Amino acid sequence: MNTFTRAALTVLVGLVIWFLPHTEAIKPEGWHLLAIFTATIVGFILRPWPTGIMALFGIVAAVATNSITMVQALGGYAEANVWLIVAAVFFSRGIINSGLGKRIAYTLIRSFGTSSLKLAYALACTDLIISPATPSNTARGGGIIFPIVQNISLAFDSEPNGSTARRIGAYLMTTAHTINTITVTIFLTACSGNLLITSLGAKLFGYDISWWEWFQAGVIPGVLCMILMPWFIYKIYPPEIKETPQAAVMAQKELDILGPITKAEISVAIIFVICILLWSTAIWTKLHPTVVAMMGVLACVVTGSLTWEDILGERTGWDILIWMGTLVGMAGLLGKLGVVAVFADFVSQHLVGIDWFWASFIISATFVYSQYFFASGTARITALFSAFAAILVAMGAPIPFTILLFGLMNSPGCTLTHYSSGVTPIFFGAGYVPQGTWWRVGLAISVVSFLIHFWGGTLGMWLFGIL
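Residue indices begin from 1 for each chain and proceed along its sequence in written order. In keeping with the model being predicted, local features are shown solely for residues with a pLDDT of at least 70 and side-chain atom pairs are shown and tallied solely at 80 or more, while totals for entire chains, interfaces and linings include all residues. Based on all heavy atoms of the structure, the side-chain values leave hydrogens and waters out of the count.

1. A few points about the overall build of the protein chain
Selection rule: Each helix is a run of DSSP H or I of at least 4 residues and each strand a run of E of at least 2, with the numbering of both proceeding from the N terminus. Our radius of gyration is a C-alpha quantity, and the globule rule it is checked against amounts to 2.2 Å times the number of residues to the power 0.38. Exposed residues in this analysis have more than 50% of their type's maximum accessible area, buried residues have under 20%, and partly exposed residues fall in between, with area computed by a 1.4 Å probe over protein chains only. Whether two residues are in contact is decided by their heavy atoms, any of which lying within 4.5 Å being enough. Areas reported here follow the Shrake-Rupley algorithm with a probe of radius 1.4 Å; residue values treat only the protein chains shown as occluding. Positive charges come from Lys and Arg, negative ones from Asp and Glu, while His and the chain ends are left out of the count. All charge positions are set by atom: Lys at NZ, Arg at CZ, Asp at CG, Glu at CD.
When you go through the protein chain residue by residue, the secondary structure sums to 23 helices and 0 strands. Here the C-alpha atoms of the protein chain give a radius of gyration of 22 Å, agreeing with the 23 Å that 2.2 N^0.38 yields for 467 residues. Counting only C-alpha atoms, the protein chain reaches 70 × 50 × 50 Å along its principal axes. Burial statistics for the protein chain: of 467 residues in total, 56% are counted as buried. A separation threshold of at least 6 residues defines the contact pool for the protein chain, and within that pool the share at least 24 residues apart is 79%. Total accessible area computed for the protein chain in this model is approximately 18,500 Å², and 69% of it derives from carbon and sulfur atoms. Measuring between centres, the 21 positive side-chain charges of the protein chain sit 6 Å from its 19 negative side-chain charges.

Have a look at this one:
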């Protein structure tokens, strides 16, 4: 479809909802905002223009139709979690600038990369180590992990789009992508989608999920998947090369190119550790996570690993500010206007007799496998979280459990297709894994991942007193 067709379909969806009859329990301005909000989500999916532009269209339409005021429209930009993501994106640029991410990866490969399976675990550890301070798994996977995987594959004469792809490249690409979707489970600050969920949850239910609560819920399923998935993929989609003694030599060459560890790397590493400590101890220090992230950014600037020009040029961060500020603001207003509550009550009335816990299993599975219809995790969260979460709460599910549950479910669906998340096209586009194989292997991975995330996450929340 061309730009005009996609734009016309977006507007058409909004107009259809606008003129549909609705219950008197929803005020006209609430229904009109729902129409505009839905059209904005459709625009995110169809993308006649970039996501940020579609978000601005949503704001303009909502204010121009008197559905909300200009002050209300801009309210989402004052949300602390929105700025937490933006600040953390800037901080991750400091990590990339310093070369610390590459040094960690090549050091692990030199030490443990003597087989293809050990290489996969070394890459997994790299992603895990840097994930708490890189809230864009696309930037982390595409900017740090992917180039390393590509270099390793080529070093073993594993070329894309040919008979040598299965030597090692296909396995490493699949595993590195899978791990990149799993590390987001463990740390709240490892993915912008996580913070979108907590922001929407705070707006809808008035409950703020802390960094530590997220870690408590995600550490068991996240670590289990980190341990299991490289081996599981090794069994269902094995590489032809099993031993990789050359990897250590290649990693040493790359470390020689990087040279001795620099002052910038040391300073960023210290700042990184301090930020993690402050995030994880916020229950005692009372420091807001956003303040901690901003402290990290300012420390990077003071130590020279980040400049104001770097911050101004970090397009991902500013883009997130625009579209996420819009979504959080509009979703919060839908909650205040009673739209979400009316929908939740309607659906929950048709689920009478089902225990809320088993309903959460069914709704979780629906949330995960709806990813087939979305080209990003953000679009799926935006479209479904508020309604699904409200249904569970209306059925009696505890609010912290509900918010954290959808945070856990942010991961499993990201392996299903070659377009399921922002980072997926990067790994798939390398050409090592055919589309049919990607979907088949990705489905198998998602089933195991979903079961571990649901039951492991439930266990974690029970053990730590959240549930």
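Structure shown, so let's carry the discussion forward.
2. Section: the pattern of salt bridges
To keep it simple, the criterion reads: Basic side-chain nitrogens of Lys or Arg form a salt bridge, by our definition, when they fall within 4 Å of a carboxyl oxygen of Asp or Glu.
For the structure shown, the criterion picks out 2 salt bridges. Close ionic contact of E265 with R103 constitutes a salt bridge, the shortest N to O distance being 2.4 Å. In this pair, E265 sits in helix α13 (residues 263-280) while R103 sits in helix α6 (residues 100-112), placing the two residues 162 residues apart along the sequence. Assessed through its relative accessible area of 2%, E265 is described here as buried. The exposure class of R103 is buried, given its relative accessible area of 12%.

3. Comments concerning helix α23 (residues 435-463)
The condition that has to hold: In a helix, the anticipated span is given by 1.5 Å times the number of residues less one.
In a regular helix each residue adds 1.5 Å, so 29 residues correspond to 42 Å; α23 covers 40 Å between its end C-alpha atoms and thus fits that length. Just beyond α23, the residue with positive phi is G465, at close to 80°.

4. Quick word on the environment of T5
Among the structural elements, T5 can be located in helix α1 (residues 3-19). Expressed as a C-alpha distance, the spacing of T5 and L46, which sit 41 residues apart in the sequence, is 9.6 Å.

5. Some points on the environment of F401
Summarising the element assignment, F401 is placed in helix α21 (residues 399-408). On a C-alpha basis, the gap between F401 and W462 in space is 9.5 Å, while along the polypeptide they are 61 residues apart. Non-local contacts of F401, meaning those with residues more than four positions away in its chain, are made with W356, F357, S360, T458, M461 and L467.

6. Some thoughts on unusual backbone geometry
Of note, N66 is a non-glycine position whose phi angle comes to about 60°, a positive value. Within the secondary structure layout, N66 lies in the loop between α3 (51-64) and α4 (70-73). Judged by its relative accessible area of 66%, N66 is exposed.

7. So, the nonpolar core
Inside soluble globular proteins, nonpolar side chains tend to come together where they are buried. Selection rule: By nonpolar core we mean a set of buried residues, namely Ala, Val, Leu, Ile, Met, Phe, Trp, Tyr and Cys, connected to one another through side-chain atoms within 4.5 Å.
If you look at the biggest cluster of nonpolar residues, it comprises 140 residues, and the most contacted ones within it are I109, L172, M324, F385 and F406. Sorting elements by how many residues they give to this core places helix α17 (residues 315-336) first, with 10 residues.

8. Quick notes on the packing of helix α7 (residues 116-130) against helix α9 (residues 169-186)
The following threshold applies: Between N-to-C directions, angles span 0 to 180 degrees; the directions come from axes that are lines fitted to C-alpha atoms, helices contributing only their stretch in contact. Here a crossing is taken to be left-handed if its near helix is turned anticlockwise relative to the far helix by less than a right angle, and right-handed if that turn runs clockwise. Think of it as three bins: nonpolar holds Ala, Val, Leu, Ile, Met, Phe, Trp, Tyr, Cys and Pro, charged holds Asp, Glu, Lys and Arg, and polar takes everything else, Gly as well.
The interhelical angle for the contact between α7 and α9, taken along N-to-C directions, is 35°, at an axis separation of 9 Å. Every pair of crossing elements has a handedness; the one defined by α7 and α9 is right-handed. In this structure, α7 uses S116, L117, L119, A120, L123, A124, D127 and L128 to contact α9, whose residues at the interface are Y171, L172, T175, I179, N180, T183 and I186. Tallied by class, the residues present in the contact of α7 with α9 amount to 10 nonpolar, 4 polar and 1 charged.

9. Focus: helix α2 (residues 28-46)
Between its terminal C-alpha atoms α2 stretches 27 Å, which fits the 27 Å expected from 19 residues at 1.5 Å a residue. Two residues or fewer past α2, R47 is found with a positive phi of approximately 50°.

10. Some remarks on the confidence of the model for the protein chain
Which entries qualify depends on this criterion: Within a predicted model, pLDDT stands for the predictor's per-residue confidence, ranging from 0 to 100.
Per-residue pLDDT for the protein chain has a mean of 85; in total, 94% of the residues score no lower than 70. Here helix α18 (residues 339-349) stands out as the element of the protein chain with the lowest mean pLDDT, 69, in contrast to helix α11 (residues 211-236), whose mean of 94 is the highest.

11. Here's the deal with the side chain of S115
Cut-off, in case you're wondering: We call two N or O atoms a polar contact when they sit within 3.5 Å, provided that within protein one can donate a hydrogen and the other can accept it, with sequence-adjacent residues counted only if both atoms are side-chain atoms.
Position of S115 among the secondary structure elements: in the loop between α6 and α7. With relative accessibility at 11%, the residue S115 sits in the buried group. A polar contact is formed between the side chain of S115 and the backbone nitrogen of K118, at a distance of 3.1 Å. Non-local contacts of S115, meaning those with residues more than four positions away in its chain, are made with K242, E243 and T244.

12. Concerning the packing of aromatic side chains
In plain terms, the rule: Pairing of aromatic side chains here covers Phe, Tyr and the six-membered ring of Trp, requires ring centres within 6.5 Å, and sorts the geometry by plane angle: under 30 degrees stacked, over 60 edge-to-face, intermediate tilted.
A full pass over the atoms with the stated rule returns 23 aromatic pairs. Pairing F187 with F215 gives two aromatic rings, centres 6.0 Å apart and planes at 25°, and the pair type is stacked. Of this pair, F187 sits in the loop between α9 and α10 (192-205) while F215 is found in helix α11, placing the two residues 28 residues apart along the sequence. According to the relative accessible area criterion, F187 is buried, its value standing at 11%. Since its relative accessible area comes to 22%, F215 is described here as partly exposed.

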